[in-house]
Structures are given as structure tokens and as C-alpha cells.
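# Fold and geometry: a report
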Amino acid sequence: MVEPFFSANKLSGYLNGSIMCPPLQITTKNKIMENPAYATWKANDDHVKMLLLSSISEQAYGVFTGNKHPMRYGKLCNGYADSLASIGEPVRPKDLVLTILVGLSSRNEFNGLVTTLTARGTEIYFDDLQALLADHEFVHGRSKIGTPNISQAYNVRVGQSTGPS
């Protein structure tokens, strides 16, 4: 799906390695200076990474909609991040967490959690996010079951034996 975009914008070389990273600095007239080709290469490389990450997030989220568990979505995103790291393109932990939060933000039941986590002043890590998602799933799942009304609770209590008769 994203391949035509890379091809049309002459970015395929960033994916297949044919467009190599130029040196950060060059020497001209015995003076070391920043290589302008490096800045262009870095900007294009970052755009390619962002596009890849956003497409992975959309695909992963599309797989886990409806009754699927958000923790599975997080693990799938983490698997993609591991795959990217294995080919020399590691995903920063903060970017992984943000990718997961963006994917979950389209589900209404996660809006509050996503807002709270993105407004925090401290960074959250993948394992902590997974723990929070597990808690959220537990609470959200329990709230779907519902709580008994007062007459149901009374009937259960009255119907119980309190000892030998």
C-alpha cells in the first residue's frame, strides 16, 4: 500500500539501502563543515520512518477491532518494533508507546486513558503501558457485566444460610 508512494517520491532507496547515508561532515578548503546532503538525507529518512510506523499502526489496529484485546494490539506493535530493530532501524520506546496510544485513541473506551497518559509529565514505557492496559481491560470488562441491583443483592443475602437451623 505504501510502496507506490515511496516509488513516486523516489524514496524506495531508503527502504532497500541503495540510498546510503552520507557523512555527517565534509571537508572543503581544509575546513570541516556540516554536510548539507546529510541534512536532506536525514529528513527524508525520518519521513520514511514516520510513514512506515503510521502504516503499521493502521494495519495492526485494523486487525484488532471489535472484541479483540488492546494488549494483543500492543504486543503486535512491539513485534513490529522488534522486526524494525532487527534490520537496523530501532524504534524509540517513546515512539512505540505513542504508536500504540494513537491506535487505541480511535476506540471510545480508551479516550480517557489515552488522554491521561499523553498529558503525563513523565515518560511511560511499554511494560508499564501493557500493565495499565491490562488493568483497563479488567475494569472495562467488569463494567460490561454490570452490578446487581439492590433487590438482587438483598435476595442473595437473605437466601444464604447463616448457620445451622
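See the structure above.
Residues numbered from 1 in each chain as written. Predicted model: local features only at pLDDT ≥ 70, side-chain atom pairs only at ≥ 80, totals over all residues. Heavy atoms only, no water.

### Concerning the overall build of the protein chain
Rules: Under the scheme used here, helices are H or I runs from DSSP no shorter than 4 residues and strands are E runs no shorter than 2 residues, and both carry numbers assigned from the N terminus. Burial classes follow relative accessibility: with a 1.4 Å probe on protein chains only, a residue under 20% of its type's maximum area counts as buried, one over 50% as exposed, and anything between as partly exposed. For this analysis, residues touch if any pair of their heavy atoms sits within 4.5 Å. Note on areas: these come from Shrake-Rupley sampling with a 1.4 Å probe, and a residue is covered only by the protein chains present in the view.
The number of helices and strands found in the protein chain is 8 helices and 2 strands. Put simply, the protein chain runs from its N terminus to its C terminus through helices and strands in the order α-α-β-β-α-α-α-α-α-α. Across the 165 residues in the protein chain, those meeting the buried criterion constitute 24%. Within the protein chain, residue pairs in contact and separated by at least 24 positions form 53% of the contacts whose partners lie at least 6 positions apart. For the protein chain, the exposed area adds up to about 11600 Å²; of that, 58% sits on carbon and sulfur atoms.

### Observations regarding the side chain of Q130
Summarising the element assignment, Q130 is placed in helix α7 (residues 126–145). With a relative accessible area of 7%, Q130 lands in the buried category. The residues touching Q130, leaving out its near neighbours within four places in the chain, are M71, G74 and K75.

### Concerning the environment of K94
You can see K94 is positioned in helix α5 (residues 93–104). Exposure remark for K94: the relative accessible area of 48% places this residue in the partly exposed category. For the pair K94 and F126, spaced 32 residues apart in sequence, the C-alpha separation works out to 8.3 Å.

### A short note on the packing of aromatic side chains
Rule in force here: Each Phe, Tyr or Trp ring (for Trp, its six-membered ring) is paired with any other whose centre lies within 6.5 Å, and the angle between the two planes then decides the class: stacked below 30 degrees, edge-to-face above 60, tilted in between.
Counted under the stated rule, the structure contains 2 aromatic pairs. Put simply, the rings of Y14, Y38 and W41 touch in pairs and so form one group of aromatic residues.

### Some remarks on the pairing of strand β2 (residues 31–34)
The condition that has to hold: Pairing between strands is defined by DSSP: at least two bridges between the two strands are required.
Relative to β2, strand β1 (residues 25–28) runs antiparallel, the two being bridged by 4 bridges. Bridge assignment links I26 to a residue of β2, and that residue is M33.

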